[in-house]
Amino acid sequence: MEESLIGNVLVAQSGGPTAVINASLAGIVAEALNHECIEEIYGALNGVEGILNEKLVDLAAESQQVIRGLKYTPASALGTCRFKLKTQEDYARVLEVFKAHNIRYFFYIGGNDSQDTANKISELAKSQGWQMRVIGVPKTIDNDLPMTDHCPGYGSVVKYLSASIRELALDHEAMGNHDIVSIVEVMGRNAGWIAAGTCVAKRRNQMEDAPHIILLPEVAFNADYFLAQVQECLKKNKFCLVVASEGIIDENGNYVAAGDAQDSFGHAQLGGVGEYLQNLVAKNLPGVKARSCKFGHAQRAAAHCASLVDANEAYLCGQKAVQAAVEGNDGMMVALVRGDTEKYSCETVLVPLGEVANGVKHFPENWIAEDKISISYQFNKYILPLIQGEVCVPFENGMPAYVRLAKEPVQQQLPPYQSA
């Protein structure tokens, strides 16, 4: 173990929120309070944007009740961003803020792009001789981060969507007469983990159970084959329920549905797959009632149906990040490793940020069934442990009693930043 580094903690959240991202924040704050080398615990509002603008809050001033409440509260309590540090001036400003507030420990909770940012900040601090330890904490519902068995946030989105699909299936079975095609559009971007996970909605993995068709980005979409499979399904069932990942592509590698807009990292704005498939069915299958629904942001915010395993592992990742930093580690991300015992177990390891940054872990081909529209039963061993248990959300006047941070501001030390 290296000599203790005395100074302050800064933690930030970035990218799309999840139902359990705040559990990681709670784990960081709770663990940081246990170490004498950590003097103050700060949070940056809205990720790296908050750092640039020196908008920091005092997390140690929050009540213990609120910190505990983060474990069942969805979304990013500190606020989030999709902002990319672009210029040398941006990076210089980040380090200037760290120095002004004696930040010696920086924890960034986020996905692919966030881990890239954390890696660059770590390298910058080293190059400038500023002693600081940077640890990334994994977060993404897409489950596409390399170097980790799974990501906090994934189990909960699968649990919520699968429960909703099972409920939709009961509705459609009551209404259908071999004439309903229902398309559910889900998130996931370029990886099909979320769409594939909804296979657990099947009661006994039988063909008649929904979802009947699952469309993944890893399989090129063919309209004729899709329509033929829909017709085949309707011969056997009162309805056909399709789960489609937002990022499905055609045989040329182009998104089936994507807008012209891009975020600051150059990612296309996805959405519209459900409507595209609905129109395709309506146009080509007369007499069929085509409908689509898009859960959108609701699927990543559904803490009322979060997985307890997921929430506990998110909290664990926060704890382990602090422990790793205090022990002298830098430029690493906490990763989850599944035990090789028959009963599910999970522990953490550290992996280099540089090996995680900007990578994408696709859904494995060997878990895609031969028909290319369903998921192999072997996948169940992977996904089922991740959705076990329910987070206990307190209710008040019939509604979830989620918490909000007080966000007591930390006094600014620097002049306002004018981005180049």
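This text follows the structure it describes.
Treat the numbers as computed from the prediction; the structure is a model and nothing was measured. (Residues numbered from 1 in each chain as written. Predicted model: local features only at pLDDT ≥ 70, side-chain atom pairs only at ≥ 80, totals over all residues. Heavy atoms only, no water.)

Peer 1: Where do I start with the packing of helix 8 (residues 223-236) against helix 9 (residues 273-284) in this structure?
Peer 2: Two quantities define a packed helix pair, namely the angle between the helix axes and the distance between the axes. Running from amino to carboxyl end, helix 8 crosses helix 9 at an angle of 70°, the nearest separation of the two axes being 11 Å. What the angle tells us is that helix 8 and helix 9 run roughly perpendicular. Facing helix 8, whose interface residues are Ala223, Phe226 and Leu227, helix 9 presents Leu277, Leu280, Val281 and Asn284. In terms of residue class, the contact of helix 8 with helix 9 is made up of 6 nonpolar, 1 polar and no charged. (Axes fitted to C-alpha atoms, helices over the stretch in contact; angles between N-to-C directions. Helix = DSSP H or I, 4+ residues; strand = E, 2+ residues; numbered from the N terminus. Parallel < 35°, antiparallel > 145°, perpendicular 65-115°, else oblique. Contact = heavy atoms within 4.5 Å. Nonpolar A, V, L, I, M, F, W, Y, C, P; charged D, E, K, R; others polar.)

Peer 1: Would you take a moment to explain the sheet that holds strand 1 (residues 7-13) for this structure?
Peer 2: Strands pair in a sheet through their backbones, by hydrogen bonds, and they do so in one of two ways: parallel or antiparallel. Here 7 strands make up an open sheet; going across it, the order is 3-2-1-4-5-12-13 and the pairing mixed. A single partner strand is all that each edge strand has here, and the edge strands are strand 3 (56-58) and strand 13 (346-352). Pairs of neighbouring strands in the sheet enclose a mean axial angle of 30°, with direction left out of account. In this structure, strand 12 (residues 332-338) lies alongside strand 13, joined through 7 bridges in antiparallel fashion. Residue pairing for strand 13: Val334 is matched across the bridge by Leu350. (Pairing = 2+ DSSP bridges.)

Peer 1: Explain the environment of Val66 to me, please; I cannot follow it from the model alone.
Peer 2: Here Val66 shows up in helix 3 (residues 64-69). Setting aside its immediate chain neighbours within four residues, Val66 contacts Val403, Arg404 and Leu405.

Peer 1: When you look at unusual backbone geometry in this model, what are you seeing that I'm missing?
Peer 2: Both trends apply: most residues other than glycine have a negative phi, and most peptide bonds are in trans. A cis amide bond links Ala210 to the next residue, Pro211, at an omega of 0°. Topologically, Pro211 is positioned in the loop between helix 7 (193-197) and strand 7 (213-215). Unlike most non-glycine residues, Ala75 shows phi in positive territory, near 70°. A positive phi is found at Met147, a non-glycine position, where the angle reads about 75°. Mapped onto the elements, Met147 comes out in the loop between strand 5 (133-138) and helix 6 (154-175). Taking the relative accessible area as the measure of exposure, Met147 reaches 38% and is therefore partly exposed. (Buried < 20%, exposed > 50% of the residue type's maximum accessible area, 1.4 Å probe, protein only.)

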